[in-house]
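Here's the letter readout for the chains.
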Amino acid sequence: MNLGKQLKEGLLTQNPVLVQMLGLCSTMAITTSIMNGLGMGVSVLIILTAANVVISAIRKIVPDKIRIAMFIVVIAGFVTCVDLLLQAFVPAIAESLGVFIPLIVVNCIILGRAEAFSYKNGVGASFFDGIFQGLGYTLVLLAMCFIRELLGAGTLAGFRIIPEQFPIGILTLPVGGFLVLGALIALMQWALNRP
């Protein structure tokens, strides 16, 4: 288990959003405010880590033919727990994220990491893979939220930063999500392909 390599993969070389292009729907849909991005990022990080650990722990007793169904059941259990915790303790974030929390069950990032990593590796490595991939996802969400909320709405965490007449309102629309994500992907590809 090489933690440095796993950290680099999660944040940079195998970043779930900017390199693997996974979880793009939720990434573009909820990144209009810092609080949404933080709520979704932490939720995915918790679910991804917990699911990785459980899937890795039971991988040797689950028949190969039903592994995908088993992944979905494990992930759905953790998504339900996180959804209920959000509704109980931070109802405002739960309401603003809406359907995107239950849709984590079929999020490509979590299912992809279950198939590609935790089903083939031990519990410790799977735990850190979940943490690092979740951090990579969360950092991309926060970067997009920062750009879209600050430049699009002129606010940051609800506080007015830019006077109301100056924000670039298109960044708060769905097309703004595509533009910001495209710019971040291009920046990441440029950084990864530099000599």
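Note on numbering: residues in each chain are counted from 1, in written sequence order. Where totals are concerned, whole chains, interfaces and linings use all residues; where local detail is concerned, this predicted model gives features only for residues with pLDDT of at least 70, and gives and counts side-chain atom pairs only at 80 or more. As a rule here, side-chain values come from all non-hydrogen atoms in the structure, and water together with hydrogens is ignored.

Can you help me understand the side chain of aspartate 129 in this one?
In this text, helices come from DSSP runs of H or I with a minimum length of four residues, and strands from runs of E with a minimum of two, each type numbered from the N-terminal end. Following the sequence through the fold, aspartate 129 ends up in helix α7 (residues 123–153). Classification of residues uses two cut-offs on accessible area relative to the type maximum, computed with a 1.4 Å probe and protein chains only: under 20% is buried, over 50% is exposed, and between them is partly exposed. Classification of aspartate 129 by relative accessible area gives buried; the value is 3%.

When you look at the environment of threonine 13 in this model, what are you seeing that I'm missing?
Among the secondary structure elements, threonine 13 is positioned in helix α1 (residues 3–13). Residues threonine 13 and phenylalanine 78, spaced 65 residues apart in sequence, show a C-alpha to C-alpha distance of 27 Å. The contact criterion used is simple: two residues touch if any of their non-hydrogen atoms lie within 4.5 Å. The residues contacting threonine 13, other than those within four sequence positions of it, are Lys8, Val19 and Leu192.

In this structure, what is going on with unusual backbone geometry? I would like to understand it.
Across residues other than glycine, the phi torsion is negative in most instances, and most of the peptide bonds are trans. Of note in this structure, methionine 21 is not a glycine but carries a positive phi near 60 degrees. On the basis of relative accessible area, methionine 21 is assigned to the partly exposed category, the value being 34%. Although it is not a glycine, alanine 157 adopts a positive phi angle of roughly 55 degrees. Here alanine 157 lies in the loop between β1 (155–156) and β2 (159–160). Residue alanine 157 is classed as partly exposed on the basis of its relative accessible area, which comes to 41%.

What's the story with the state of the cysteines in this structure? I'm lost.
A covalent bond bridging the sulfur atoms of two cysteines is what the word disulfide describes. The definition used for a disulfide is geometric: two cysteine sulfur atoms within 2.5 Å. Under the criterion given, the structure shown has zero disulfides. Among the cysteines around cysteine 108, which has no disulfide bond, cysteine 25 carries the closest sulfur, lying 7.6 Å off. Of the cysteine sulfurs around cysteine 145, a residue in no disulfide, the closest is that of cysteine 25, at 16 Å.

Would you mind showing me how to read the environment of glutamine 87 here?
Inspection of the secondary structure puts glutamine 87 in helix α4 (residues 67–89). Counting along the chain gives 52 residues from glutamine 87 to leucine 139, while the straight-line C-alpha distance between them is 23 Å.

What am I meant to see in α1 here?
A turn of α-helix holds 3.6 residues, and therefore any two residues three or four places apart point the same way. Looking only at α1, the buried set comprises Gln6, Glu9 and Gly10. All buried residues of α1 project into a common sector of 90 degrees when viewed along the axis, lining one side. At its buried positions, α1 is contacted by α6 (108–118) and α7. Contacts described as polar in this section are N or O atom pairs within 3.5 Å, which, within protein, must combine one atom able to donate a hydrogen with one able to accept it, while residues neighboring in sequence count only if both atoms come from side chains. Sitting at the amino-terminal end of α1 is asparagine 2, which places a side-chain oxygen 3.3 Å from the backbone nitrogen of glycine 4. Note that the arc is computed from the directions linking the helix axis to the C-beta atoms.

Mind showing me how you'd approach the packing of aromatic side chains here?
Only Phe, Tyr and Trp rings are paired, with Trp represented by its six-membered ring, and only when their centres lie within 6.5 Å; those with planes under 30 degrees apart are stacked, over 60 edge-to-face, the remainder tilted. Counted under the stated rule, the structure contains three aromatic pairs. Consider the rings of phenylalanine 71 and tyrosine 119, whose centres lie 5.5 Å apart with planes at 75 degrees: the pair is edge-to-face. Pair noted here: phenylalanine 71 is in helix α4 and tyrosine 119 is in the loop between α6 and α7, with a separation of 48 residues, a long-range link. You can call tyrosine 119 buried: its relative accessible area is 14%. Seen in terms of ring centroids, phenylalanine 127 and phenylalanine 128 are 5.1 Å apart; in terms of plane orientation they differ by 80 degrees. Their pairing is edge-to-face. Residue phenylalanine 127 is classed as partly exposed on the basis of its relative accessible area, which comes to 37%. Taking relative accessible area as the criterion, phenylalanine 128 reaches 25% and is therefore assigned partly exposed.

Hey, could you run me through the pattern of salt bridges in this one?
Pairs can form between side chains of opposite charge once their charged atoms are near each other. Here, a salt bridge means any Lys or Arg side-chain nitrogen found within 4 Å of an Asp or Glu carboxyl oxygen. Under the defined criterion, the tally for this structure stands at four salt bridges. Between arginine 67 and aspartate 64 there is a salt bridge, with its nearest N and O atoms 3.5 Å apart. Measuring nitrogen to oxygen at the nearest pair gives 2.9 Å for the salt bridge that ties glutamate 115 to arginine 67. Highlighted residues: glutamate 115 in helix α6 and arginine 67 in helix α4, separated in sequence by 48 residues.

Explain a nonpolar patch on the surface here, please?
Each patch groups residues whose relative accessible area exceeds 30% and which form no salt bridge, using 9 Å between like charges and 5 Å between nonpolar side chains of Val, Leu, Ile, Met, Phe, Trp and Tyr. Exposure was quantified through the Shrake-Rupley algorithm and a 1.4 Å probe, taking into account, for residues, occlusion by the shown protein chains and nothing else. On the surface, Leu151, Ile168, Ile170, Leu173, Val175 and Leu179 cluster together into a nonpolar patch covering about 490 Å² of accessible area. Within the element layout of this structure, isoleucine 170 appears in the loop between β2 and α8 (174–192).

By themselves, these figures tell us nothing about what the structure is for.
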